[in-house]
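Listed here are the chains, written in short residue letters.
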Amino acid sequence: MQKISYILKTLIFGGEVSLAVCDTTALVREAIRRHHLSPVAAAALGRTMSATAYLCSWLKDEESSLSVTVAGDGAGGKICVAGDGALHLRGFAERPEVSLPPRADGKLDVGGFVGRCGTLTVIRDDGEGIPFVGTSELVSGEIAEDISAYFLTSEQRPTAVALGVKIAPDGDCIAAGGVFLQPLPGASEEAIARAEEAIAGFSRISSRIEEEGAERIVASFSPETDAERREIFFRCHCSRERISSVIASLGKQEAENIIREQGKISVYCHYCNTTYDFTGEEVAAIFSEEGKHEG
Ligand SMILES: [Zn+2]
């Protein structure tokens, strides 16, 4: 098992299909640690994070960013994941504590957690004017089929997706990852059919990540290939400095009102489950610092 999450990308089937395999075990472990996720919440958020890492791997540069919101009618509420071209990801599930009984086949009931009715929305910002917004209807709430439907309806790119997260009885992540097969524009019908056929062999992708590792999965398609390898990290953009500037933007009057009513200003970051508390003195310092800059 890898201590760092990563994605491998290469071309297969005579260069007609892009293959990506990611091992996101470490990423999901970090999400569990930060958010105290139930096993099914870890599976739902983990699968969404693997899919987001794949989407981020197509961004044109490190400054470009995107977010994926899965808004279904399931017990777990919304799932939100954001990331950038540097493959720094952050994310949360609205109700991380919700547990559900396993499905009849023994798998975690991600579809029940997410819900089968609702939408999957991707907002992509390439730093060039208006961000791209794509939305598709959920298919099963199991994430892989939902992402596949998103690619087809919003980006007109048929993409075969397998996602999995394996959770130990103690709630930790044993293995997590995904396989993505995306025919390039102009790919033959035969290549598209082969991609769809190949993905059917990945119904237990997390076990394959655990037993074989991402490299051997790539090699099973193309032993010769020299896949591009990029690391993936759980990293939030929030910091005390950033929150200070948010407080500064409230204006001195409003900030002082909150201090008077609540004794402090608390700002919560959903993405990494961190609360930033500012005392009256600290808030006063923000505005005196601001004054100095203006002077
Ligand atoms: Zn944060």
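It should be emphasised that the depicted structure is a prediction, and the values quoted were computed from it without experimental measurement.

Would you take a moment to explain the coordination of the zinc ion for this structure?
Taken together, the protein donors to the zinc ion comprise Cys236 (SG), Cys238 (SG), Cys269 (SG) and Cys272 (SG), at separations of 2.2 to 2.3 Å. For the zinc ion, the four donor atoms in the first shell make angles of 97 to 114° at the metal, a pattern classed as tetrahedral. Residue classification places Cys238 among the buried positions, given a relative accessible area of 19%.

Quick question: what am I supposed to make of the sheet that holds strand S8 (residues 160–167) here?
Strand pairing in a sheet relies on backbone hydrogen bonds, with the paired strands running either antiparallel or parallel. Pairing in this open sheet of ten strands is mixed, and the strands run S7-S6-S3-S4-S5-S10-S1-S2-S9-S8 from one edge to the other. Each edge of the sheet is formed by a strand with only one pairing partner; in this case those strands are strand S7 (132–137) and S8. Across the sheet, the mean angle separating the axes of adjacent strands is 15° when strand polarity is ignored. Pairing geometry for strand S1 (residues 5–12) and strand S2 (residues 17–23), over seven bridges, is antiparallel. Its bridge partner lying in S2, Ile7 is registered against Cys22. Against the sheet, helix H1 (residues 25–35) touches S1, S2, strand S5 (88–93), S8, strand S9 (173–183) and strand S10 (228–234), its axis set at about 125° to S9.

Sorry, what's going on with the side chain of Thr159 here?
Positionally, Thr159 belongs in the loop between helix H4 (144–154) and S8. Given the relative accessible area of 5%, Thr159 is considered buried. A polar contact is formed between the side chain of Thr159 and the backbone oxygen of Arg157, at a distance of 2.9 Å. Apart from residues no more than four positions distant in its own chain, Thr159 is found in contact with Tyr54, Ser148, Phe151, Leu181 and Gln182.

Please clarify how the nonpolar core should be interpreted in this entry.
Across soluble globular proteins, nonpolar side chains show a tendency to be buried alongside one another. Core analysis: the biggest nonpolar cluster contains 66 residues, and Ile79, Phe113, Val114 and Ile247 have the highest contact counts within it. In terms of residue count, helix H2 (residues 39–56) provides more of this core than any other element does, twelve residues in total. Viewed by domain, this core spans two of them, domain 1 (5–234) and domain 2 (240–294), each represented by three or more residues. Leaving out residues up to four positions away in the same chain, Val114 has contacts with Ala44, Val70, Gly72, Asp73, Gly74, Ile79, Leu138, Gly141 and Ile143. Judged by nonpolar contacts, the second largest core, of 23 residues, contains Phe13, Val17, Ala160 and Ile205.

Is there a simple way to explain the layout of surface pockets in this structure?
Empty space among the atoms becomes apparent when a probe as large as a water molecule is rolled across them. Reported here for the largest pocket is a volume of approximately 610 Å³. In terms of lining, the largest pocket is formed by 28 residues, of which the most central are Arg47, Lys107, Leu163, Gly164 and Ser203. Mapped by element, the contributors of at least two residues to the lining of the largest pocket are H2, H4, S8 and helix H6 (205–211). The dominant element in the lining of the largest pocket, judged by the number of residues it contributes, is S8, at seven residues. In the lining of the largest pocket, the residues fall into 14 nonpolar, six polar and eight charged.

Thresholds applied
- Residues numbered from 1 in each chain as written.
- Predicted model: local features only at pLDDT ≥ 70, side-chain atom pairs only at ≥ 80, totals over all residues.
- Heavy atoms only, no water.
- Donors = N, O, S within 2.8 Å, 3.2 Å for Na, K, Ca; no water.
- Tetrahedral: all angles 85-135°; square planar, octahedral: opposite > 155°, others 65-115°.
- Buried < 20%, exposed > 50% of the residue type's maximum accessible area, 1.4 Å probe, protein only.
- Pairing = 2+ DSSP bridges.
- Helix = DSSP H or I, 4+ residues; strand = E, 2+ residues; numbered from the N terminus.
- Axes fitted to C-alpha atoms, helices over the stretch in contact; angles between N-to-C directions.
- Contact = heavy atoms within 4.5 Å.
- Polar contact = N/O pair within 3.5 Å; in protein donor to acceptor, adjacent residues only side chain to side chain.
- Core = buried A, V, L, I, M, F, W, Y, C linked by side-chain atoms within 4.5 Å.
- Domains from an automatic or database assignment.
- 1 Å grid on protein atoms, 1.4 Å probe; cavity = no way out; pocket = protein on both sides within 12 Å on 5 of 7 lines; lining within 4 Å.
- Points joined across faces, edges and corners; volume = space filled by probe spheres on them.
- Nonpolar A, V, L, I, M, F, W, Y, C, P; charged D, E, K, R; others polar.

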